[in-house]
Amino acid sequence: MDLVIKKAVAYLRVSDPKQVENFSLGNQEDLILKKAQLEGYKIVRTFREEGESAKSLNRTELKELIKFCTVKENKISAIFIYKYDRLNRNSLEFMMLRQMFAKLGISLISATEVSGSTPEVMFVQNLLSAFSEFENTVKSQRVQQGM
């Protein structure tokens, strides 16, 4: 009997180049690998976004991840992230990404937050995404006011 291996990718991101040198990316990766193993997935590729903000979809590794996942031969069935805000800090763009991946049969799985495709989980994901956007906007305002 052949076992079906569920293939997945990991997406890691830090927004400040200074964070690349500390433990943040390593901690994200460790938790993602543990979660993937627990869920029965094999991580076949890791995308590391080093020092790019999640305010925009225009990120090198995110674009590579999207391209990789849309190739049917890669047979990706999940994207593992540390937290949803690692993927995006704009609510509308987060929902667009989630919908695009869902149409491809790809689940978004957080190592630290609720995951799934039930209406309840999607509602919580929307709340988390909205909070991330709010938090990011407040931080930006404070920086501007301090200038």
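As shown above, the structure is provided for reference.
Conventions used here
Residues numbered from 1 in each chain as written. Predicted model: local features only at pLDDT ≥ 70, side-chain atom pairs only at ≥ 80, totals over all residues. Heavy atoms only, no water. Patch = residues over 30% accessible without salt bridge, like charges linked within 9 Å, V, L, I, M, F, W, Y side chains within 5 Å. Areas by Shrake-Rupley, 256 points an atom, 1.4 Å probe, with all protein chains shown as cover. Salt bridge = Lys/Arg side-chain N within 4 Å of Asp/Glu carboxyl O. Helix = DSSP H or I, 4+ residues; strand = E, 2+ residues; numbered from the N terminus. Axes fitted to C-alpha atoms, helices over the stretch in contact; angles between N-to-C directions. Parallel < 35°, antiparallel > 145°, perpendicular 65-115°, else oblique. Left-handed = near helix turned anticlockwise from the far one by under 90°. Contact = heavy atoms within 4.5 Å. Nonpolar A, V, L, I, M, F, W, Y, C, P; charged D, E, K, R; others polar. Buried < 20%, exposed > 50% of the residue type's maximum accessible area, 1.4 Å probe, protein only. Lys, Arg positive; Asp, Glu negative; His and termini not counted. Polar contact = N/O pair within 3.5 Å; in protein donor to acceptor, adjacent residues only side chain to side chain.

Further remarks concern a nonpolar patch on the surface. A grouping of V114, F123, V124 and L127 is seen on the molecular surface, where their side chains present a nonpolar patch of about 350 Å² in accessible area. By the element assignment, V114 lies in the loop between strand 4 (107–110) and helix 5 (119–146).

What follows is about the packing of helix 2 (residues 60–70) against helix 4 (residues 91–103). The relative placement of two packed helices is expressed as an angle between their axes plus a distance between the axes. Their axes nearest at 11 Å, the elements helix 2 and helix 4 cross at an angle of 20°. Between helix 2 and helix 4, the interaxial angle falls into the category roughly parallel. Judged by the sense of rotation from one axis to the other, the crossing of helix 2 with helix 4 is left-handed. Taking contact as the criterion, the partners of L65, I66 and C69 in helix 2 are, on helix 4, L97, M100 and F101. Class assignment of the residues belonging to the contact of helix 2 with helix 4 gives a composition of six nonpolar, no polar and no charged.

To continue, consider the side chain of E93. As for its placement among the helices and strands, E93 is situated in helix 4. The buried charged residue E93 lacks any salt bridge, with R59 as its nearest oppositely charged partner at 5.9 Å. A distance of 3.3 Å separates polar atoms of two side chains, one belonging to E93 and the other to N88. Aside from chain neighbours lying at most four places away, what touches E93 is K55, S56, L57 and N88.

Turning our attention to the environment of N27. With respect to the secondary-structure elements, N27 resides in helix 1 (residues 24–39). N27 gets classed as partly exposed once you look at its relative accessible area, which sits at 44%. In the structure, N27 is positioned 112 residues away from K139 in sequence and 24 Å away in space, judged by C-alpha atoms.

The next point concerns the pattern of salt bridges. As enumerated under the stated definition, the model contains seven salt bridges in all. For E64, the salt bridge goes to K67, with nearest N and O atoms at 3.3 Å. Here E64 and its partner K67 are both found in helix 2, three residues apart, which amounts to about one turn of the helix. A relative accessible area of 28% places E64 in the partly exposed class. In this structure, the salt-bridge partner of D85 is R86, at a minimum N-O distance of 3.1 Å. The structure contains a network of salt bridges with shared partners spanning D85, R86, R89 and E135.

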